[in-house]
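Reading the structure
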Amino acid sequence: MTMVSDVLTALALPAECRLDKRVPKKMLAEQGAFAAGDKRKVQDGVEELVWAAALKPSNIAVAEYHDAIREYLEIAVLSVILKPEASKSRLVELIHRAIPYPVILVADQGGGIDISLAHKRASEGEAGKVVLDNEIVSVSLNRTVAVEKDFLGSLSIAAQPSGNLFLIYQGWMDKLTAFKIAQITGGFVTTGDNTGRLEGFKEYEAIQGRLKELRNLAGKERQISRRVELNLEVQKLEARLKQLVETLKR
């Protein structure tokens, strides 16, 4: 079973980046300016939070990044151990929100490992504040799958684009997307059009959700004609899924 230490080892970060400093839960909550309910979630759900590494131009020889909406001066690598009853998705989001830098977060809950990343940008309504830019990209490593070894082998910092901190972070995000797709196709591929593959993956997930709804409806439908209509729609979506899998393999 993959462990937090396995992921940190796979990143192959220079020793100069390592901090391995425990972050008090109170400090996390204060940094994030959380509401009372979220402060309780942090207090009750986080077992241990560690700032494992800080990637800066001075210790990885990669340039800062600046554009009209973002400023990447550092990439933070954190690990967190969550209690079994904790709301994992919410706590992962809170940790990403609390840190002003782009974060590689490795979360352990009952031995199941999640890796998550999220781009950051300047807030449009609050000067000096940094907010999440689009959704958090997350993968789970709590299943034994053949492509997991290939995925971990792709995470080395030396294997990422090195033009600037944004590009290197996007490189890791692309690897997470490739792993999501590999769990469908059975093959880990990091080449090709990442944007197009991500859109294909999102369509695949949406169709899977729609198929579940249709099958439930068909199972409850008493009118034969309507059941036939639902089953025909299921068949069309299943055919589309097969097309998507073939496209995602490329």
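Summarised in this report is the structure supplied together with it. (Residues numbered from 1 in each chain as written. Predicted model: local features only at pLDDT ≥ 70, side-chain atom pairs only at ≥ 80, totals over all residues. Heavy atoms only, no water.)

Focus on empty space enclosed by the protein
Under the counting rule described, the total for this entry stands at one cavity of 30 Å³ or more. Lining the largest cavity are Val7, Leu11, Ile104, Ile115, Leu117, Leu155, Trp172 and Leu176. Contributing elements (two or more residues each) for the lining of the largest cavity: helix 1 (4-11), strand 7 (112-118) and helix 7 (165-185). Its residues assigned to classes, the lining of the largest cavity comprises eight nonpolar, no polar and no charged. (1 Å grid on protein atoms, 1.4 Å probe; cavity = no way out; pocket = protein on both sides within 12 Å on 5 of 7 lines; lining within 4 Å. Points joined across faces, edges and corners; volume = space filled by probe spheres on them. Helix = DSSP H or I, 4+ residues; strand = E, 2+ residues; numbered from the N terminus. Nonpolar A, V, L, I, M, F, W, Y, C, P; charged D, E, K, R; others polar.)

Focus: the nonpolar core
By size, the foremost hydrophobic cluster in this structure holds 40 residues, and its most contacted members are Leu13, Leu55, Val77, Ile115, Phe151 and Trp172. Counting only elements with at least two residues in this core, the list comes to helix 1, strand 2 (46-55), strand 5 (75-82), strand 6 (103-109), strand 7, strand 10 (137-140), helix 6 (147-153) and helix 7. Ranked by the residues each element gives to this core, the list is headed by helix 7, at 10 residues. In contact with Ile115, other than residues within four places in its own chain, are Val7, Ile104, Leu105, Val137, Ser138, Val139, Leu141, Phe151, Leu155 and Leu176. If you look at the next biggest cluster of nonpolar residues, it comprises 23 residues, including Ala29, Val46, Val92 and Ile95. (Core = buried A, V, L, I, M, F, W, Y, C linked by side-chain atoms within 4.5 Å. Buried < 20%, exposed > 50% of the residue type's maximum accessible area, 1.4 Å probe, protein only. Contact = heavy atoms within 4.5 Å.)

Some words on the layout of surface pockets
Computed from the structure, the largest pocket encloses a volume of approximately 350 Å³. Residue lining of the largest pocket: 16 residues in total, with His119, Val137, Gln170, Met173 and Leu198 positioned closest to the centre. Listing elements by their share of the lining of the largest pocket, those giving two or more residues are helix 7 and helix 8 (194-220). Reported here for the second largest pocket is a volume of approximately 220 Å³. Gln31, Gly32, Ala33, Arg97, Ala98, Ile99, Pro100, Lys129, Val130, Val131 and Leu132 are the residues that line the second largest pocket. Residue assignment for the lining of the second largest pocket shows that the elements contributing at least two residues are helix 2 (25-32), helix 5 (88-98) and strand 9 (130-132). Counting residues per element, the lining of the second largest pocket draws most heavily on strand 9, which supplies three residues.

Concerning the packing of helix 3 (residues 36-45) against helix 5
In contact at an axis separation of 10 Å, helix 3 and helix 5 are set at 110° when each is read in the N-to-C sense. Classified by the angle their axes make, helix 3 and helix 5 are roughly perpendicular. Contact residues: helix 3 offers Asp38, Lys41, Val42 and Gly45, while helix 5 offers Arg90, Leu91 and Leu94. Broken down by class, the residue content of the contact of helix 3 with helix 5 amounts to three nonpolar, one polar and three charged. (Axes fitted to C-alpha atoms, helices over the stretch in contact; angles between N-to-C directions. Parallel < 35°, antiparallel > 145°, perpendicular 65-115°, else oblique.)

So, helix 1
Among all positions in helix 1, only Val4, Val7, Leu8, Ala10 and Leu11 are buried. Buried residues in helix 1, looked at end-on, bunch into an arc of 160°, giving them a common side. Two residues or fewer past helix 1, Ala12 is found with a positive phi of approximately 50°. (Arc of directions from axis to C-beta.)

Side note on the pairing of strand 2
A regular strand places its side chains so that they alternate between the two faces of the sheet. Burial runs high along strand 2: eight of the 10 residues are buried. Across eight bridges, strand 2 lies against strand 5 in antiparallel orientation. Its bridge partner being in strand 5, Leu49 is matched across the sheet by Val80. (Pairing = 2+ DSSP bridges.)

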